[in-house]
Amino acid sequence: MTKHPLTFAILNGKNAGNEALRAAIARLRDEGFPLTVRVTWEHGDATRYLQEAVQMQAATVIAAGGDGTVNEVATAVARLTPAQRPVLGIIPLGTANDFATSAGIPAEPEKALRLAIHGKSCPVDLARVNRERYFINMATGGFGTRITTETPEKLKAALGGVSYVIHGLMRMDTLKADHCELHGPDFRWSGDALVIGIGNGRQAGGGQELCPDALINDGRLEITVATSQSLLPTLMHQLTSDEKNPNLVTASLPWVTIRAPHSMTFNLDGEPLSGTEFHIEILPAALECRLPPDCALLS
């Protein structure tokens, strides 16, 4: 009988009772695939479990949860030496699942699990912020970040990604731009930014394609800044016109530095980071990830 390498799944504790996933793991085990599962309780558990996976010589480590879980596991993998790094697999079980959705990873737990075990591994980029924090999908700042971080958990549990839109409409009275400066190779912009997207992936906030041209293996960050003082003209232009949006500033860069005279908060795949200066750089081919063969994020 063929001996399969070990797969180690790190499951967000909120999803520990997911019956579809339990059934999928049982089926794969019955088929002869060794699967070890650990459930997170608090921040830092994923890093500790990854060390266990390395000690057990797991070939694949699966992040089973939302964008925050994917971020935590991917960050922990990136901090290992190249020889230690297992391949990353993803089972999307969160509210928005922005990275998994844009990458074409199946929403059904068994299909996602089979892809994570059988799928071809591809080198993908990772973004690093201030040399200590990471994101695989996107860093967002401005009004959208305030909405995603303030949306109540009960609303997210009930409505999923739509909850961000509903909560945003409820908080339109708080709409305010952030004055900041962005600069990178042959690029500089200064002004009032309503929304900032720094994309390795394409979408954030429950399905909003802030960086529609982003690829996760091209060694570039896609920059999108919404400069309009009102969201309505920007949204209407996106919906009704094929022409370049005059309210958007875009760039494609290997790195970008953002400075502000006041504290800003960026959402790194669901994890907040506040400060007045952010240096964001792409790390080409930082880890391997199992993705669909027709993944739209690959060049």
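Keep in mind that what you see is a predicted model, and the values were worked out from it rather than measured.

Each value, and the rule that gives it
- Residues numbered from 1 in each chain as written.
- Predicted model: local features only at pLDDT ≥ 70, side-chain atom pairs only at ≥ 80, totals over all residues.
- Heavy atoms only, no water.
- Buried < 20%, exposed > 50% of the residue type's maximum accessible area, 1.4 Å probe, protein only.
- Helix = DSSP H or I, 4+ residues; strand = E, 2+ residues; numbered from the N terminus.
- Contact = heavy atoms within 4.5 Å.
- Axes fitted to C-alpha atoms, helices over the stretch in contact; angles between N-to-C directions.
- Parallel < 35°, antiparallel > 145°, perpendicular 65-115°, else oblique.
- Left-handed = near helix turned anticlockwise from the far one by under 90°.
- Nonpolar A, V, L, I, M, F, W, Y, C, P; charged D, E, K, R; others polar.
- pLDDT = per-residue confidence, 0-100.
- Core = buried A, V, L, I, M, F, W, Y, C linked by side-chain atoms within 4.5 Å.

(A) Layout of helix α2 (residues 45-55). Of the residues making up α2, those classed as buried are Asp45, Ala46, Tyr49, Leu50, Ala53 and Val54. Looking at the buried residues of α2, the elements they touch are β1 (7-12), β2 (35-40), β3 (60-65) and α3 (67-78). Just downstream of α2, glutamine 57 is the residue with a positive phi angle, here 60°.

(B) How the structure looks around the packing of α2 against α3. For the pair α2 and α3, the least separation of the axes is 9 Å and the interaxial angle reads 50°. On the basis of the axis angle, α2 is oblique to α3. By crossing handedness, the relation of α2 to α3 is classed as right-handed. For the pair α2 and α3, contact is made by Asp45, Ala46, Thr47 and Leu50 and by Glu72, Val73, Ala76 and Val77, respectively. Looking at the contact of α2 with α3 residue by residue, the classes come out as five nonpolar, one polar and two charged.

(C) Geometry of the confidence of the model for the chain. The share of residues in the chain with pLDDT of 70 or more is 83%, and the mean pLDDT across the chain is 86. Per-residue pLDDT stays below 50 along residues 147-173; that stretch engages in 37 contacts with residues further than four places along the chain or on separate chains. Below a pLDDT of 50 lies the segment residues 235-241, which in the model reaches six contacts outside its immediate sequence neighbourhood of four places, other chains included.

(D) Quick look at the nonpolar core. Grouped together as the largest cluster of nonpolar side chains are 53 residues, with contacts concentrated most on Leu88 and Leu113. Per-element tally for this core: the top contributor is α3, with six residues. If near-sequence neighbours (up to four positions away) are discounted, leucine 88 is found in contact with Val61, Ala63, Val73, Ala74, Ile136, Leu287, Glu288, Cys289 and Arg290. Ala251, Leu253, Ala260 and Ile280 belong to the second largest nonpolar core, which has 27 residues in total.

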